Amino acid sequence: MNEVEKQKQYIEKIKKINQNQTLKYHMQTMGCLLNENDSEKLAGMLEEMGYQKIEDPKKADIIVFNTCCVRENAEDKLFGKLGELKRLKQENGVIIAIGGCMMQEKHITNKIKASYPYVDILFGTHTLHKFPENLYKTLEEKKKLEDIIEIEGKIYEGIPIKRDSNIKASVTIMNGCNNFCSYCIVPYVRGRERSRSPKNIIEEVKELASNGYQEITLLGQNVNSYLKVEQEKAIPIEEYEGIHSFATLLKAINKIEGIQRIRFISPHPKDFTDDVIDAIATCQKVCKLIHLPLQSGNTKVLKEMNRKYTKEQYLALVEKMKKKIPNIKLSTDIIVGFPGETKEEFEDTLEVVKKVKFEQVYMFIYSKRVGTPGAKMKNQVPEEEKHKRFDQLKTLVENQIQENNQKYIGTTQKVLVEGESKNNKNLLTGRTDSNKVVIFEGNKKLIGTIQHLKIISEHMWYLKGEM
Ligand code: SAH
Ligand code: SF4
Ligand code: F3S
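Residues numbered from 1 in each chain as written. Chains lettered and ligands numbered in written order. Predicted model: local features only at pLDDT ≥ 70, side-chain atom pairs only at ≥ 80, totals over all residues. Heavy atoms only, no water.

Student: Sorry if this is basic, but what is going on with the overall build of the protein here?
Tutor: The helix and strand inventory of the protein stands at 15 helices and 19 strands. Relative to the compact-globule value of 23 Å for 467 residues, the protein shows a C-alpha radius of gyration of 23 Å, a close match. For the protein, the spread of C-alpha atoms along the three principal axes comes to 60 × 55 × 50 Å. Once local pairs closer than 6 in sequence are excluded, the contacts in the protein between residues at least 24 apart make up 74%. (Helix = DSSP H or I, 4+ residues; strand = E, 2+ residues; numbered from the N terminus. Rg over C-alpha atoms; globule rule 2.2 N^0.38 Å. Contact = heavy atoms within 4.5 Å.)

Student: Looking at this model, I keep getting lost on the domain arrangement of the protein. Mind explaining?
Tutor: Quite often, the size of an interface is put as the accessible area lost when its parts meet. Its domain assignment divides the protein into domain 1 (3-147), domain 2 (165-287), domain 3 (300-406) and domain 4 (412-466). Computed over C-alpha atoms only, the centres of domain 2 and domain 4 are separated by 27 Å. Each partner contributes residues to the interface: domain 2 has 8 residues there, and domain 4 has 12 residues. For the pair domain 2 and domain 4, the two sides together bury roughly 790 Å², of which 53% comes from carbon and sulfur. When residues of domain 2 are sorted by the area they lose upon contact with domain 4, Ile167, Arg261 and Arg263 head the list and together hold 59% of the total. (Domains from an automatic or database assignment. Buried area = accessible area lost by both parts, 1.4 Å probe.)

Student: Just checking my understanding: could you explain the packing of aromatic side chains for this structure?
Tutor: Any pair of aromatic rings gets described here by the distance separating the centres and the angle formed by the planes. Within this structure, the stated rule accounts for 9 aromatic pairs. On the basis of an interplanar angle of 55 degrees and a centroid distance of 5.4 Å, the ring pair of phenylalanine 123 and phenylalanine 131 is categorised as tilted. The exposure class assigned to phenylalanine 123 is buried, which follows from its relative accessible area of 1%. Between the aromatic rings of phenylalanine 180 and tyrosine 188, the centroid separation amounts to 5.3 Å while the plane-to-plane angle is 80 degrees, which identifies the pairing as edge-to-face. The ring of tyrosine 136 has lysine 13 sitting right over it, with the charged end atom 5.1 Å from the ring centre. For the cation-ring pair, lysine 111 lies above phenylalanine 79, with the distance from its terminal atom to the ring centre recorded as 3.8 Å. (Phe/Tyr/Trp six-rings, centres within 6.5 Å; stacked < 30°, edge-to-face > 60°. Buried < 20%, exposed > 50% of the residue type's maximum accessible area, 1.4 Å probe, protein only. Lys NZ or Arg CZ within 6 Å of the ring centre and 35° of its normal.)

Student: Explain the nonpolar core here, please?
Tutor: Note that soluble globular proteins tend to have their nonpolar side chains buried in a common cluster. Counting 74 residues, the largest nonpolar core has Leu218, Phe246, Leu249 and Met321 as the members making the most contacts within it. Two domains each donate at least three residues to this core, and these are domain 2 (165-287) and domain 3 (300-406). In this structure, phenylalanine 246 is in contact with Ile173, Leu218, Val223, Asn224, Tyr226, Phe264 and Val276, ignoring residues within four places of it in sequence. With 26 residues, the next largest nonpolar core counts Tyr10, Met45, Ile95 and Phe131 among its residues. (Core = buried A, V, L, I, M, F, W, Y, C linked by side-chain atoms within 4.5 Å.)

Student: Sorry, what's going on with helix 9 (residues 246-254) here?
Tutor: Residues that lie three or four places apart on an α-helix share one face, since the helix turns once every 3.6 residues. Counted residue by residue, helix 9 has 8 buried out of 9 residues, so it is predominantly covered. Taken together, the buried positions of helix 9 are Phe246, Ala247, Thr248, Leu249, Leu250, Ala252, Ile253 and Asn254. Buried residues belonging to helix 9 abut helix 7 (198-210), strand 10 (215-219), strand 11 (261-265) and helix 10 (274-282).

Laid out in structure tokens, this is it:
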């Protein structure tokens, strides 16, 4: 019996225990899209065990936190919440389970065990699929459990999943990362890069299509190196629909009937080969907004970051993409205040931002991560200076976004209608191909369809449209 089948038996056992009760789970997801996709699997397992989702943690029988440790503020978030749970635990004995990337850090789990002894289950990124077994042991044997392994886990297929949306879905195509950018904790907490098999991915997307899903986002820390590690290590890959690379995967998914839009996140500039550019250009379902993480616009800083490209190479790649993919738009990630970054070097980042004119920029203040090479670098930039640079970049980006938003006014955009607007239930919300939020008045029946909307005004983080 495979591991997932074994877990399904635990799901059945818990279902029996929970019979004739309406038990509730409360879950909080603190990280990236991959982390969210993991939470959807946790939710899938919990619902099969008979638990129902609830927003209010006070009414929950089990609370699950899926954590992130990419920056310090993500970690602070967890400890704030853990403090609040002590009373809940004392009052109603709620089961508390914490999983995700942060649990792969020894100093964190030690701190939790010492200061928050009321936590019941700690699980890592490689043992997510064993959640039913761990929960069973906690329920039956009243044990505190720690199920964290350091070696990279396998890829488990067939874990139940309860998706957040019935219009858009994330599909993880690879786990882990081999790049070891010197600031980044991800390779340490997610393990080595390994790709899912083409067949499993295509089958998942086909099933989503048959269930009415319109948009697919392919997820991985380095999606455009899909199957590269396997090829380098000569690990046999089962041939399926001609897929042997990221480009051929895009082409195969593009052919799946029913799916209207394909997105992917994140590619790495160093792996942006011509075949990937050609695939984006020729696959009409692939959205022409490409996320291309820059991190820094200075070649020396990029070298220190271990990013494996120069400022000039990045700009040349952007030029090539703009030439080959009509109407392409780019978004990016930038870190300010990496150790040793001088004011002049930071100016290079501003220069690249001015040149490329990104559709969206996700900006981060450098955060020291225990165990990464960056944390040991002597020349850390003072907090105050990091914030000054961040504000400078933010002002530039906001001006560019406003200017760019103006260009949308008067145009007609294809918008995938996602649901009611959060702030006003009488309005609908959707996204353009370029991932811009559009708010408009319309019938709820339009949810899940693509509509052509005329853009009438811009409001920094969203556009207003009309039918
Ligand atoms: N694999 C993806 C994203 C990883 S994490 C990629 O390579 O693009 C998402 C973003 O968080 C990164 O792109 C980076 O901009 C930011 N980030 C990662 N580590 C960070 C750190 N220590 N401090 C600040 N930002 C960080
Ligand atoms: Fe982190 Fe770099 Fe890997 Fe992205 S590519 S997850 S930034 S190490
Ligand atoms: Fe994602 Fe955070 Fe882990 S960004 S991969 S949840 S460290």
